[in-house]
Amino acid sequence: MVPPIPGWAQNLRVVILRRLLKENLIATREQRSQLAFAFVDQRQTKVYEYAVLVTDLSEGVLSVAQLYRDRADAENGFDELKNQ
């Protein structure tokens, strides 16, 4: 648990999630004002996606991760409705 942020009345929990990415990836780097593609070979490189969640929920890590994933899915729908 993390001590309360000034102005917040409760302790918070930090959950760090890591997921191995399996799809093909393309990395880019800029060379002389132009992007150059560098294809990442998955057979040699493991690439992970990280998410850091700060919550006051006491559920298990997997439950918290699913709740935040569901919330993001719902918010994406509202964002699309609002902006398109």
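Only a predicted model underlies this, so the values are computations on that prediction, with no experimental measurement involved.

Draft legend 1. Region of interest: the confidence of the model for the protein chain. This prediction gives the protein chain a mean pLDDT of 78; 68% of its residues lie at or above 70. Within the protein chain, the element-level pLDDT minimum falls on strand E3 (residues 34-40), averaging 60, and the maximum on strand E1 (residues 13-20), averaging 89.

Draft legend 2. Representation of the pattern of salt bridges within the structure. By the definition in use, this model includes 2 salt bridges. In this structure, Glu-49 and Arg-19 form a salt bridge, with 2.4 Å as the shortest nitrogen-oxygen distance. Residue Glu-49 is located in strand E4 (residues 48-55), and its partner Arg-19 is located in strand E1; the two are separated by 30 residues in the primary sequence. Linking Glu-75 and Arg-71 is a salt bridge whose minimum nitrogen-to-oxygen distance equals 2.8 Å. Of this pair, Glu-75 and Arg-71 both sit in helix H1 (residues 61-83), 4 residues apart, which is roughly one turn of that helix. According to the relative accessible area criterion, Arg-71 is exposed, its value standing at 52%.

Definitions and limits used
- Residue numbers restart at each chain and count upward from 1, following the sequence in its written direction.
- This being a predicted model, a pLDDT of at least 70 is required before a residue's local features are given, and a value of 80 or more before pairs of side-chain atoms are given or counted; all residues contribute to the totals for chains, interfaces and linings.
- Note that the side-chain values use all heavy atoms of the structure and ignore hydrogens as well as water.
- As a per-residue measure, pLDDT tells how confident the predictor is, with possible values from 0 to 100.
- Starting at the N terminus, helices and strands are each numbered in turn, a helix being any DSSP run of H or I of at least four residues and a strand any DSSP run of E of at least two.
- Note on definitions: salt bridges are taken to be side-chain nitrogens of Lys or Arg within 4 Å of carboxyl oxygens of Asp or Glu.
- Three labels apply to residues, based on accessible area from a 1.4 Å probe with only protein chains included: buried if under 20% of the type maximum, exposed if over 50%, partly exposed otherwise in between.

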